[in-house]
Amino acid sequence: MHRFLRLPILLVGLFMAVSSYAANNSQPALTTEDSLGPQVQQPIEFPHNRHAGNHDASDPAKGGMEINCQYCHTYARRSAVAGIPPLQKCIGCHQSIESVRNKPRIVELFKYWDAKKAIPWKKVHDLPDFVRFNHERHIKRFIEQQDRPVQEACGYCHGDVKEMTVARRQKPLAMGWCASCHEKDHPVTAEGGAPIGNQAYWYSFQKPVAAQDAAAVIKARGPNDCWQCHK
Amino acid sequence: MIDSDSVKQLAGHPFDRRDFLKVLGWSGTAVALSGCGNTSIEDGRETVVSYVEASDYMVPGIGVYYNSTCAQCDAGCNINGRVREGRVLKLEGNPDSGINKGKLCGLGQAGVQHHYNPDRVREPLLRNGSKGEAITWDKAYALIAEKLAGVQGDEIAFLSGGMSGHLKVLLGNYLDSLGTRNHFVYEAIAPSVVRAANVKAYGVEMPRYRLDKAKVVLSFGADFLGAWVSPVHFSQQYAQFRKGVDGQRGVLIQVESKMTLTGANADRWLVVKPGTEGVLALGIINVLGTATGDVAELVKGYDPVRVSRETGVSVSHIEKVAALLRMRSPSLVLAGSAAEGYAHGSQNAAAINLLNQVLGNVGKTIEAPVSVPFPQMAPAKGNTAALKSLNDGLAAGKYKVVFNFAANPVFTAPGAMKFKDNFAKAGFKVAFAHYLDETALQADLVLPLDSALEDWGTQVPEYMTEGAQINIQQPLMERLHANTRGMGDIVLALLKQRKADEYKGFEDYYAYLRGAMLQNKGALGGGGVDDDTFWNETLTRGIVKLAGATGALTTHATAAGLVFPAHKEADEHYPLHLIPGVTASLRDGRHTNQPWLQESPDPLTTIVWDSWVEIHPKKATELGIVEGDIVEVTSRTGSVKAQVYLFPGIHPEAVSIPVGRGHDAMGRYAKGYGVNPFQIMDTVFEAATGELAMHETRVKISKTGQRVLVVKDEGAAGALQMGRKIASRVSTDQIDLSKEV
Ligand code: SF4
């Protein structure tokens, strides 16, 4: 009785395959190109540039304050998800910054605080549910082990945040784009085999397994197994 | 990548299975690609949940774990819930628990669906015609006070499910303040006849059964792996039992008329004529030949030939069981719900207990239970006898105000009781409810309760293990809905209406609970510790373990009062026994609105989302019925229509319908799925205890002419292997080795 059902099922499957093939024949980019996400309207126009931007000696009121990303985004180094800083964090500083206390954005901020209501920030970066990106691992690798500057390491994926007001997605965040970095050989030692950054400390626990090349540089790749992200 | 040539080539050829998978593979890839692409997900659309203030231990993405107690059944397993971003995500067992030792059953796992259920009642509702109108809590409390004004204590009734701990004490105080003694405790499925028989045989209601110490377990319809008493605990003992004592792997023999999950795991499953379990037990005592005194006198008449004739179990099986019991000691004999569900259920249970005594198991595999040193917190138990007396009072128009909590009698009362009609005669009906279930729908005032994962409480389980314990229930997260309340808070508020002075010191139930626990800190093992430390440690553990008092068991075997009714002839109008099936996941149907429970296949039939009628294939052939036929099952009380499932694990003279489904209210996942066999149950009561004899309903079946495809995981509907077997096999004697090598 079920035998006759097979052909229609096959045809439907085939149809789906062909039509989705037609719709998706453009490959995701395998480069580190920029790919701007939508401009997101946020409840408060948070000025990243003011907080993280470079100090401007000529006009300190205009320039940034060079605050470390991790000062506010504290969860990123502790958890797979970065989360959003609690409102308490903003207030912690702003309650004693009288000079901007009456600026419209700060007034708005305190309204939320007085009502003890969370600010309904809109998501700017999102991955599908079947992808598990881990912030903590990346921060360990780049900031703690390789001693890269924080803004550079965060910027691999988030772009040059210190130039933005509200954040906007800068990179494709698609699998091919992730792989374009994970598939590359990255030097983990300088010439002569000396570990880069703080890695000597880490290598005292676990030595890199890869062999040295001609210049005695050890190169390694980021994790490349499917299950690293698709758990 | 697929190219157009290969598509053409495929299209022109008949597909084989491999190509089919390939095609599916392509479409799967295509879907995945579009999912990863730039048209990403929820950028700019979804709101990210952030905290206003966050404690140090709260990190998004990282779970925090709290201990609490499972409230899905009253076995009292201790749970450990994972909470992330303030939401409870997953429940596991608390490894420190003596009852469930870190494990949890499927029903317990579904507890999160009780909490997040979309059909929970969210506002106090007052009846206005056929509708419920949302009112405030103040108005609801005022209304209760108004309705109670001038009402005599004996005109008030409070119906509840089994309850224990501080809530029981507080409710008792409230009922005292109302001057009423009418607290009816009703659990639709409870081993009450066995409890009464145990008191006679051992001196206690529920001894501790040690399956792990037994070398043979002979169970008369006790589904201890599925739905009996404390299934998670017994499952762990069972694992130990199977590993064996002294290197002897335990042997399980299950005697019943309808196979249960435990029966399916037995080494030997013996089908017995419904209701003759006790006779079989006496037959085994007879064959053992070790009984003395009045017991020997009693079993003299139960020779294997007669017993075999009455029970349908062959003489050789009776002798084999007896031989095994003689050979391996200690053993353990259990009387389960199948044995107690008859008008002579007490006699069945007594005969089975007698077998234990003759075998000398008392004190070896049957141990004295422990009890908590606070008798007022011990569980209040009850079964249909309590409901019957409430029902009689309702029928006589005795009650002006009736409360209902944690019971759904309109759904679970046997149809012949006409509970719904009688309930309507009560003056003012208040239901404390999670869902608008059948009973809440009949109420005048519905008060919405917190879920078990939002509420405070304590519980003392009926069945405890090594030591006594008080289980702590604490909120795993904040209330989902602003206007639900904990039962403790409600009872406290009601008590304040009566005794404002006495209770004004307690702001809420939490304060009461904390105060009451701290008052007894010494007895609860917190002597010499300061209050906050004791309280925080108690909440962290989720269990208060106590030494507990152990009594002694009676070991004296006596046949006094053991008389079986004369063998009854089959009923010619209603020739079949109706056996209500109690399944591990649905139990009495109070959790049917949790879709996981509907979706997880029944372990024996693999059917989902529907009821079925189990019929023996032989009987079905006789009646010309095949699987999927819709039949009408008619008793003296009523009839239901359901699909047939041919089941070799049932006595040919019986049919079985699982209980728990067939709701006509409660919520989207429960309403309209399956049929409710409670509806067609006759009111035959057990002679000694007055409890409902759940297996005494007789039915007939008739075909309706309709047929459906049974939705199940096994068999023709799901097991089609594209014409191949899962693993082909030939027997060794068919292999010519010379050709193979
Ligand atoms: S047996 Fe299952 S439902 Fe009952 S308390 Fe234990 S885990 Fe919960």
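Residues numbered from 1 in each chain as written. Chains lettered and ligands numbered in written order. Predicted model: local features only at pLDDT ≥ 70, side-chain atom pairs only at ≥ 80, totals over all residues. Heavy atoms only, no water.

Structural notes on the overall build of chain B
Piece 1. A count of helical and extended segments in chain B gives 27 helices and 27 strands.
Piece 2. For chain B, buried positions account for 55% of its 741 residues.
Piece 3. Of the accessible surface of chain B, which amounts to about 30900 Å², a share of 52% is contributed by carbon and sulfur atoms.
Piece 4. Separation between the mean location of the 75 positive side-chain charges and that of the 79 negative ones in chain B comes to 3 Å. (Helix = DSSP H or I, 4+ residues; strand = E, 2+ residues; numbered from the N terminus. Buried < 20%, exposed > 50% of the residue type's maximum accessible area, 1.4 Å probe, protein only. Areas by Shrake-Rupley, 256 points an atom, 1.4 Å probe, with all protein chains shown as cover. Lys, Arg positive; Asp, Glu negative; His and termini not counted. Charge placed at Lys NZ, Arg CZ, Asp CG, Glu CD.)

Observations concerning the side chain of Asn356(B)
Residues and elements named next belong to chain B.
Piece 1. Among the secondary structure elements, Asn356 is positioned in helix H15 (residues 345-358).
Piece 2. Polar side-chain contacts of Asn356 include one of 2.9 Å to the side chain of Asn361.
Piece 3. Setting aside residues no more than four positions away along its own chain, Asn356 makes contact with Tyr202, Leu332, Val333, Asn361, Val362 and Ile366. (Polar contact = N/O pair within 3.5 Å; in protein donor to acceptor, adjacent residues only side chain to side chain. Contact = heavy atoms within 4.5 Å.)

Considerations on the pairing of strand S15 (residues 401-405) of chain B
All names here are of chain B.
Piece 1. Counting buried positions along S15 gives five out of five residues, so the element sits mostly inside the fold.
Piece 2. The side-chain alternation of S15 yields two buried faces, one formed by Val401, Phe403 and Phe405 and the other by Val402 and Asn404.
Piece 3. Bridge analysis of strand S6 (residues 156-160) against S15 gives five bridges, and the strand direction is parallel. Bridge pairing in S15 links Leu159 to Asn404.
Piece 4. Here S15 runs beside strand S16 (residues 428-433); their pairing, made up of five bridges, is parallel. Pairing of Phe403 across the sheet is with Val430, part of S16. (Pairing = 2+ DSSP bridges.)

Description of the nonpolar core
Residues and elements named next belong to chain B.
Piece 1. Grouped together as the largest cluster of nonpolar side chains are 43 residues, with contacts concentrated most on Leu218, Phe220, Leu282, Ile284, Ile285 and Leu355.
Piece 2. Of all the elements in the fold, those that place two or more residues in this core are helix H7 (192-202), strand S9 (216-220), strand S10 (251-256), helix H10 (277-288), helix H11 (293-299), helix H13 (315-327), strand S12 (331-335) and H15.
Piece 3. The residues touching Phe220, leaving out its near neighbours within four places in the chain, are Val255, Glu277, Leu280, Ala281, Ile284, Val333, Leu334, Ala335, Gly336, Ala339, Ile352 and Leu355.
Piece 4. Judged by nonpolar contacts, the second largest core, of 37 residues, contains Ala140, Leu143, Val401 and Tyr509. (Core = buried A, V, L, I, M, F, W, Y, C linked by side-chain atoms within 4.5 Å.)

Regarding the sheet that holds S12(B)
All names here are of chain B.
Piece 1. Reading across from one edge, S11-S10-S9-S12 is the order of the four strands in this open sheet, with parallel pairing throughout. Two strands in the sheet have a free side with no partner beyond their single neighbour: strand S11 (268-271) and S12. On average, adjacent strands in this sheet sit at an angle of 15° to one another, irrespective of strand direction.
Piece 2. Pairing of S9 with S10, which is carried by five bridges, proceeds in the parallel orientation. Bridged to Val216 within S10 is Val251.
Piece 3. Contacts between helix H8 (residues 231-243) and the sheet are confined to S9 and S10, with S10 contributing the most and set at about 125° to the helix. (Axes fitted to C-alpha atoms, helices over the stretch in contact; angles between N-to-C directions.)

Some details on the site of the ligand
All names here are of chain B.
Piece 1. Taken together, the residues surrounding the ligand are Cys70, Gln72, Cys73, Ala75, Gly76, Cys77, Leu104, Cys105, Leu107, Gly108, Pro231 and Val232.
Piece 2. Listed by contribution, the elements that provide at least two residues to the shell around the ligand are helix H3 (106-109) and H8.
Piece 3. Its residues placed into classes, the shell around the ligand shows nine nonpolar, three polar and no charged. (Near = heavy atom within 4 Å. Nonpolar A, V, L, I, M, F, W, Y, C, P; charged D, E, K, R; others polar.)

Observations regarding the pairing of strand S24 (residues 629-635) of chain B
Residue and element names in this part refer to chain B.
Piece 1. The buried fraction of S24 amounts to six of the seven residues, a majority that puts the element mostly inside the structure.
Piece 2. Bridging between S24 and strand S27 (residues 698-707) involves six bridges; their strand directions are antiparallel. Among the inter-strand pairings, Asp629 is bridged to a residue of S27, identified as Arg707.
Piece 3. Where S24 lies against strand S25 (residues 639-646), five bridges are found, and the strand directions are antiparallel. Along S25, the bridge assignment pairs Ile630 with Gln643.
Piece 4. Here S24 folds back onto S25 in antiparallel fashion, the turn holding three residues.

Here we look at the side chain of His481(B)
Residue and element names in this part refer to chain B.
Piece 1. Mapped onto the elements, His481 comes out in the loop between strand S19 (468-473) and helix H20 (487-498).
Piece 2. Taking relative accessible area as the criterion, His481 reaches 14% and is therefore assigned buried.
Piece 3. Non-local contacts of His481, meaning those with residues more than four positions away in its chain, are made with Arg120 and Arg122.

A short note on the pattern of salt bridges
Two side chains of opposite charge can pair, provided their charged atoms sit close to one another.
Piece 1. Counted according to the given criterion, the structure contains 39 salt bridges over all chains.
Piece 2. One salt bridge in this structure joins Lys123(A) and Asp126(A), with 3.7 Å as the shortest N-O distance. Of the two residues examined, Lys123(A) and Asp126(A), each falls in the buried class.
Piece 3. The salt bridge involving Glu614(B) is made with Lys258(B); its shortest N-O contact spans 3.0 Å. With Glu614(B) in strand S23 (residues 612-615) and Lys258(B) in the loop between S10 and helix H9 (261-265), this residue pair connects regions lying 356 residues apart in the sequence.
Piece 4. On the accessibility criterion, Lys258(B) (13% relative accessible area) is buried.
Piece 5. Salt bridges here are not isolated pairs; linked through shared partners, they connect Arg208(B), Arg210(B), Asp212(B), Lys213(B) and Glu367(B). (Salt bridge = Lys/Arg side-chain N within 4 Å of Asp/Glu carboxyl O.)

Notes on the domain arrangement of chain B
Residue and element names in this part refer to chain B.
Piece 1. Under the domain assignment used here, chain B contains domain 1 (4-116 + 527-544), domain 2 (125-188 + 383-448), domain 3 (192-369) and domain 4 (576-707).
Piece 2. Listed as interface residues are nine residues of domain 1 and, on the opposing side, five residues of domain 3.
Piece 3. Note on domain 1 versus domain 3: buried area summed over both sides is about 540 Å², and carbon and sulfur give 60% of it.
Piece 4. Our count for the contact surface shared by domain 1 and domain 3 stands at two residue pairs in polar contact (both at pLDDT 80 or more).
Piece 5. A per-class count over the side of domain 1 that touches domain 3 returns five nonpolar, two polar and two charged. (Domains from an automatic or database assignment. Buried area = accessible area lost by both parts, 1.4 Å probe.)

Observations regarding the sheet that holds strand S5 (residues 131-134) of chain B
All names here are of chain B.
Piece 1. Taken in spatial order, the seven strands make up an open sheet running S5-S4-S17-S16-S15-S6-S7, and their pairing is mixed. For this open sheet the edge positions go to S5 and strand S7 (183-185), each flanked by a neighbour on one side alone. Across the sheet, the mean angle from the axis of one strand to that of its neighbour is 20°, orientation sign disregarded.
Piece 2. As paired strands, strand S4 (residues 125-128) and S5 are joined by four bridges and run antiparallel to one another. Bridge pairing in S5 links Arg127 to Gly132.
Piece 3. The strands touched by helix H16 (residues 384-395) within the sheet are S6, S7 and S15, with S7 carrying the most contacts at an inclination of about 135°.

Looking at the packing of helix H6 (residues 165-178) of chain B against H20(B)
Angle between the axes and distance between the axes are the two parameters that describe a pair of packed helices.
Residues and elements named next belong to chain B.
Piece 1. Viewed as axis vectors pointing N to C, H6 and H20 meet at an angle of 25°, and their least axial separation amounts to 10 Å. Relative to H20, the element H6 lies roughly parallel. In this structure, the crossing between H6 and H20 has a hand that is left-handed. On H20, the residues that touch Leu167, Leu170, Leu171, Asn173, Tyr174, Ser177 and Leu178 of H6 are Met487, Gly488, Val491, Leu492, Leu494, Leu495 and Arg498.
Piece 2. In the contact of H6 with H20, the residues fall into ten nonpolar, three polar and one charged. (Parallel < 35°, antiparallel > 145°, perpendicular 65-115°, else oblique. Left-handed = near helix turned anticlockwise from the far one by under 90°.)

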